[in-house]
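Spelled out from the first residue to the last, the chains are:
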Amino acid sequence: MSSPAERAVPGACPLDCPDTCSWIVTVRDGEAVALRGDRRHPYTRGALCAKVHRYLDYTRAPDRLLHPQRRVGAKGEGRFARISWDEALDEIAARWQAIIRRHGPQAIWPYYGTGAMGMLQGLAGAGRRLWNVLGTSQHVMTICTIAGAYGTGYTLGDNRVGMDPETLGASKLILLWGTNTLTTNHHLWKYIEAARRNGARLVAIDPIRTRTAAAADEHFAIHPGTDAALALGLLHVVVTLGQEDRAFIDAHTSGWEAFRRRILEFPPERVSGITRLPRERIVALGERLATTRPTGIRLTMGLQRHAGGGMAVRAITCIPGVTGDWQYPGGGAVYDVRGFVRANWPALWRDDLRPAGTRRLSMTRLGEGLLEVKDPPVESLLIYASNPVASVPDQTKVRRGLAREDLFTIVIENFATDTADYADLLLPSTMQTEHADLHYAYGHIYLAWNEPAVAPPGDCLPHTEIFRRLAGRLGVTEPCVYASDEDLARAVLDSDDPALAGLTLERLRRDGWARLSVPTPFVPFANGFPTASGRCEFVSPRMAEVGLDPVPTYTPPAEAADDGALARRFPLALVATASHYQLNSMFANVPDLERRQGPPTVVLHPTDAAARGLADDVEVCVHNDRGEFRARVRISDGVRPGVAAASKGFWPKRVAGAANVNVTVAERDADMGGGAVFHDNRVEVTAVPSPTPTR
Ligand SMILES: Nc1nc2c(c(=O)[nH]1)N[C@H]1C(S)=C(S)[C@@H](COP(=O)(O)OP(=O)(O)OC[C@H]3O[C@@H](n4cnc5c(=O)[nH]c(N)nc54)[C@H](O)[C@@H]3O)O[C@H]1N2
Ligand SMILES: Nc1nc2c(c(=O)[nH]1)N[C@H]1C(S)=C(S)[C@@H](COP(=O)(O)OP(=O)(O)OC[C@H]3O[C@@H](n4cnc5c(=O)[nH]c(N)nc54)[C@H](O)[C@@H]3O)O[C@H]1N2
Ligand SMILES: [Mo]
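Model, not experiment: these values are computed from the prediction.

**Q** I tried to follow the overall build of the protein chain on my own but got confused; where do I start?
**A** Each helix and strand in the protein chain was counted, giving 24 helices and 27 strands. Relative to its length of 695 residues, the protein chain is compact, with a C-alpha radius of gyration of 25 Å against a globular reference of 26 Å. Projecting the C-alpha coordinates of the protein chain onto the three principal axes gives extents of approximately 70 × 65 × 55 Å. The buried share among the 695 residues of the protein chain stands at 63%. Taking the contacts inside the protein chain whose residues are at least 6 apart along the sequence as the reference set, 76% of them involve residues at least 24 apart. Counting every atom, the protein chain has about 24,000 Å² of accessible surface; 51% of that belongs to carbon and sulfur. Averaging the coordinates of the 79 positive side-chain charges in the protein chain and doing the same for the 78 negative ones gives two points 2 Å apart.

Pasting the structure below:
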């Protein structure tokens, strides 16, 4: 029953997930008393996930940070004393002014993560105007999607476009390719189920028998990092059967003859050797692909966390160009759809104010950035919405960098993470029910407005307000850094793009969300592509320009498929995937979810466990030359021999051994965009006590 004192406030989940749910907060007497998924939202349909449905409790957790603090212990120790915002901001201004005088503004690295995804408070825009005006180093988000984004862009012309995932309901064959839908994108499942009710077949391609793979009609347990070879092998079958769509190829693609020659280099027997899948199964899936229209392919970030990740996404994204699936609702491939939101990004970001030539620093090379980058060295780090100690490769190196006594580190957080423990100043940020934000999604085509529902607790402030105050302390005279949240929202929505027609702030405020103004069903490339040629580019002139093979090919992983010296020392290819009850490192400190997630585990095939004399549930040390972490053994044929599975997101300080999987992951780049290679890793597993103590 809603009483006069009760309000329903529309909002949206800010977290790094394709689903970006719309929610409704019930507020009574200034208190948020309920939060539920918006039932009217076609994609959310009232359901939130296992992590977020108790978001209100999360905002009121006893360990929530409520006041600015200054470090009193050693770096990494996590001992702090309370200070005021005035003291904190004065200290930042004084330190930064001195750093800028000595080294220039590029010695400051604003380091943001994926904890908040919005345009005002999150990675889509927060702080960007101020960093541009100051001329700090630019932060490049290499941690998540970038290699696959480039792979998509070279093929389709925009890094972040693909089929509309909602049209998967019309597919007759669905390939879930390197994506764990039921854990990482679960609102998509209802469209998949709708397709299955209409007779669609569901195939999962994943080295691990995830809950998604287990729920599919068929699971292809591919060897990690070999997907491009499988894509080319499937197309080999299509071409051998003469089932390529000639009319579509002629009208809407470029480079077919060169691509066809490349495809013919990948017959199923060769692909079987690379992917370690039986030849007959590759042929059978190829035949199914050749004869089933429409085929819809959902891929996410898992398969591109490899040395050849960009090329893999490119090769897969070419498949619907050959089969002609791009012309049908339910046909095509999708990695990300944010590119359809052609908002007024230049007005929001004001990159025109950035000094020419400011350097770019890679998020996943934080250790290198802090220890090896010179001219100028990084003297100050301002970390917000990120927990790099838990999430970034080469944890030991990251810790060494953060421990530098001369580094001035500011962390803006909701909780005292392992990263926060290294802060000189630890500042409390608002959470989603306490601030305004504007969202788009990487898994659907709706925008959402998040109205603040309650007053912030303690001294918590939104990023926008923190950065306005900081600008004032620094004496910045450029007026655009003082824009209100509402001004920022209006600026980014002020676009001539037809897809944004009518999507005003007023309408979003009233309804909470709105679908892009595009036809239903949305079939974006039936009549062409946003490339320079207007075609799906099987041969990419842009790739040739940067020295990449312009024709889709198989780029082997750096470590995962090794069978030489590295494999003799570290026989297991380790994949470290999304945890069901965490969101990256978020929620790992929520006792109920921590209990449901259980301790860190490593899944081993029975033959690999037996070869090491390991029984189920024993504690082991998982290690390579970079470091080691502790885990419990889970023996299962859900991984193939030679492959092991762990999961991401544990807080090092909350687990045995004080390290998580990223202590073993290399800082190396993927083939495109400097993407991270989390799943391209080799380890050995040994019963504890460990043979290689590293700390
Ligand atoms: N519950 C939960 N949801 C999440 C997240 C989370 O941490 N927890 N993270 C969010 C974020 S940040 C992102 S980016 C997305 C990620 O979403 P996903 O891409 O679905 O997540 P991952 O678990 O990294 O990878 C998916 C699958 O790829 C498989 N994989 C690894 N290597 C290969 C390969 O070489 N080939 C193939 N075919 N498959 C491979 C893994 O075994 C894994 O099952 O999910 C978001 N949603
Ligand atoms: N081994 C392995 N490692 C991985 C991956 C993998 O597949 N395997 N996946 C990678 C991927 S896909 C990603 S995206 C990265 C994510 O890495 P990060 O971007 O570092 O994300 P999180 O670790 O979730 O840390 C986000 C932090 O933001 C805080 N936060 C949330 N909301 C707010 C807010 O409004 N304001 C502020 N100031 N803070 C907030 C949270 O408390 C949390 O500590 O991890 C990567 N790490
Ligand atoms: Mo991510």
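On we go from here.
**Q** Please clarify how the sheet that holds strand β2 (residues 22-28) should be interpreted in this entry.
**A** Strand-to-strand pairing in sheets goes through backbone hydrogen bonds, with the strands running parallel or antiparallel. Within the open sheet, the three strands sit side by side as β1-β2-β3. Their pairing is antiparallel. The open sheet has two edge strands, β1 (6-12) and β3 (31-37), and neither has a second partner. Between one strand and the next, the sheet's axes are offset by a mean angle of 25 degrees, whatever the strand orientation. Bridge count for β1 against β2 is seven bridges, and the pairing is antiparallel. Paired with Arg 7 across the bridge in β2 is Val 27.

**Q** Quick question: what am I supposed to make of the environment of Asn 527 here?
**A** You can see Asn 527 is positioned in the loop between β20 (513-515) and β21 (536-537). Counting along the chain gives 119 residues from Asn 527 to Phe 408, while the straight-line C-alpha distance between them is 53 Å.

**Q** What should I look at first to understand the pairing of strand β27 (residues 682-687) in this one?
**A** Moving residue by residue along a regular strand, the side chains alternate between the two faces of the sheet. Direction of pairing for strand β22 (residues 572-577) relative to β27: antiparallel, over a ladder of two bridges. Each bridged residue has a counterpart across the sheet, and for Leu 572 the counterpart in β27 is Val 683. As paired strands, strand β24 (residues 619-624) and β27 are joined by four bridges and run antiparallel to one another. From the neighbouring strand, His 623 faces β27, where its bridge partner is Glu 684.

**Q** Just to check I follow, could you spell out the side chain of Ser 647 for this structure?
**A** Within the secondary structure layout, Ser 647 lies in strand β26 (residues 643-647). Take Ser 647: its relative accessible area is 14%, and that puts it in the buried class. A polar side-chain atom of Ser 647 sits 3.3 Å from a polar atom in the side chain of Ser 579. Discounting residues that sit within four places of it in the chain, Ser 647 has contacts with Ala 576, Thr 577, Ala 578, Ser 579, Gln 597, Thr 601 and Val 661.

**Q** I'm lost on the domain arrangement of the protein chain in this one. Help?
**A** In many analyses, interface size is given as the accessible surface area lost on bringing the parts together. If you check the domain split of the protein chain, you get domain 1 (69-144 + 345-515), domain 2 (147-335) and domain 3 (565-687). The centre of domain 1, based on its C-alpha atoms, is set 36 Å off from the matching centre of domain 2. Taken together, the eight residues of domain 1 in the interface contact nine residues of domain 2. Roughly 640 Å² of surface becomes buried between domain 1 and domain 2 when both sides are summed, with 40% attributable to carbon and sulfur atoms. It is Cys 144, Tyr 442 and Gly 443 that lose the most area in domain 1 upon contact with domain 2, and together they represent 57% of the buried surface on that side. Viewed at the interface, domain 2 and domain 1 are joined by one salt bridge.

**Q** How should I be thinking about the pairing of strand β6 (residues 108-112) in this particular structure?
**A** The element β6 is largely enclosed, with a buried count of five among its five residues. On β6, burial covers both faces: Ile 108, Pro 110 and Tyr 112 on one face and Trp 109 and Tyr 111 on the other are all buried. Taken together, the five bridges between β6 and strand β15 (residues 380-384) define a ladder with parallel strand orientation. Note that in β15 the partner of Trp 109 across the bridge is Leu 381.

**Q** Is there a simple way to explain the layout of surface pockets in this structure?
**A** The gaps left among the atoms become clear once a water-sized probe is rolled over them. Within this model, the largest pocket holds a volume of roughly 1,000 Å³. Put simply, the parts of the chain that give the lining of the largest pocket at least two residues each are β6, α3 (128-134), β7 (138-140), α4 (146-156) and α14 (345-349). Across the lining of the largest pocket, the residue classes break down as 17 nonpolar, 10 polar and nine charged. Taken domain by domain, the lining of the largest pocket gets at least three of its residues from each of domain 1 (69-144 + 345-515) and domain 2 (147-335). Of the pockets and cavities examined, the second largest pocket occupies roughly 550 Å³. As for the second largest pocket, its lining consists of 24 residues, of which Ile 208, Thr 577, Thr 601, Val 603 and Ser 647 are closest to the centre. Elements supplying a minimum of two residues to the lining of the second largest pocket: α23 (591-597), β23 (601-604) and β26. The element best represented in the lining of the second largest pocket is β26, accounting for three residues. Of the residues belonging to the lining of the second largest pocket, the class tally is nine nonpolar, 11 polar and four charged.

**Q** Explain the site of ligand 2 here, please?
**A** Taken together, 30 residues form the shell around ligand 2, and within it Thr 114, Ser 391, Glu 413, Ser 585 and Asn 662 come nearest. Gly 115 is positioned with one of its backbone polar atoms (N or O) 3.4 Å from a nitrogen atom of ligand 2. Compared with its free state, where it exposes 920 Å², ligand 2 has 97% of that area covered by protein. A per-class count over the shell around ligand 2 returns 11 nonpolar, 15 polar and four charged. Each of domain 1 (69-144 + 345-515) and domain 3 (565-687) gives at least three residues to the shell around ligand 2.

**Q** Help me understand the nonpolar core, please; the structure alone is not making it clear to me.
**A** Nonpolar side chains in soluble globular proteins tend to end up buried together. Counting residues in each nonpolar core, the largest one holds 132 residues, and the members touching the most others are Trp 177, Phe 259 and Leu 516. The element that contributes the greatest number of residues to this core is helix α8 (residues 227-240), accounting for nine residues. Look past the residues within four positions of Phe 259 in its chain and what remains in contact with it is Leu 232, Leu 235, Cys 318, Val 322, Phe 538, Val 551 and Pro 552. Judged by nonpolar contacts, the second largest core, of 31 residues, contains Ile 83, Ala 93, Tyr 112 and Ile 410.

**Q** Any chance you could explain the side chain of Asp 164 here in plain terms?
**A** Of note, Asp 164 is situated in the loop between α4 and β8 (173-177). Owing to a relative accessible area of 1%, Asp 164 belongs among the buried residues under this scheme. Ignoring any residue separated from it by four or fewer positions in sequence, one finds Asp 164 in contact with Ile 445, Arg 515 and Phe 522.

**Q** Whenever I open this one, empty space enclosed by the protein confuses me. Can you help?
**A** Tallied over the full model, the rule gives nine cavities of 30 Å³ or more. What the second largest cavity holds in volume is close to 180 Å³. Around the second largest cavity sit 16 residues that line it, and Gly 127, Arg 129, Thr 464, Val 481 and Leu 488 are the ones nearest its centre. Listing elements by their share of the lining of the second largest cavity, those giving two or more residues are α3 and α18 (463-474).

**Q** Explain the sheet that holds strand β19 (residues 446-450) to me, please; I cannot follow it from the model alone.
**A** Reading across the sheet, the three strands line up as β18-β19-β20 and stay open at both edges, with antiparallel pairing between neighbours. A strand with exactly one partner marks an edge of an open sheet, and here the two such strands are β18 (437-439) and β20. Averaged over all pairs of adjacent strands, the angle between their axes in this sheet comes to 10 degrees, without regard to strand direction. Relative to β20, β19 is paired through three bridges, and the arrangement is antiparallel. Across the sheet, the residue bridging to Leu 447 is Ala 514, located in β20.

About the cut-offs
Residues numbered from 1 in each chain as written. Chains lettered and ligands numbered in written order. Predicted model: local features only at pLDDT ≥ 70, side-chain atom pairs only at ≥ 80, totals over all residues. Heavy atoms only, no water. Helix = DSSP H or I, 4+ residues; strand = E, 2+ residues; numbered from the N terminus. Rg over C-alpha atoms; globule rule 2.2 N^0.38 Å. Buried < 20%, exposed > 50% of the residue type's maximum accessible area, 1.4 Å probe, protein only. Contact = heavy atoms within 4.5 Å. Areas by Shrake-Rupley, 256 points an atom, 1.4 Å probe, with all protein chains shown as cover. Lys, Arg positive; Asp, Glu negative; His and termini not counted. Charge placed at Lys NZ, Arg CZ, Asp CG, Glu CD. Pairing = 2+ DSSP bridges. Axes fitted to C-alpha atoms, helices over the stretch in contact; angles between N-to-C directions. Polar contact = N/O pair within 3.5 Å; in protein donor to acceptor, adjacent residues only side chain to side chain. Domains from an automatic or database assignment. Buried area = accessible area lost by both parts, 1.4 Å probe. Salt bridge = Lys/Arg side-chain N within 4 Å of Asp/Glu carboxyl O. 1 Å grid on protein atoms, 1.4 Å probe; cavity = no way out; pocket = protein on both sides within 12 Å on 5 of 7 lines; lining within 4 Å. Points joined across faces, edges and corners; volume = space filled by probe spheres on them. Nonpolar A, V, L, I, M, F, W, Y, C, P; charged D, E, K, R; others polar. Near = heavy atom within 4 Å. Core = buried A, V, L, I, M, F, W, Y, C linked by side-chain atoms within 4.5 Å.

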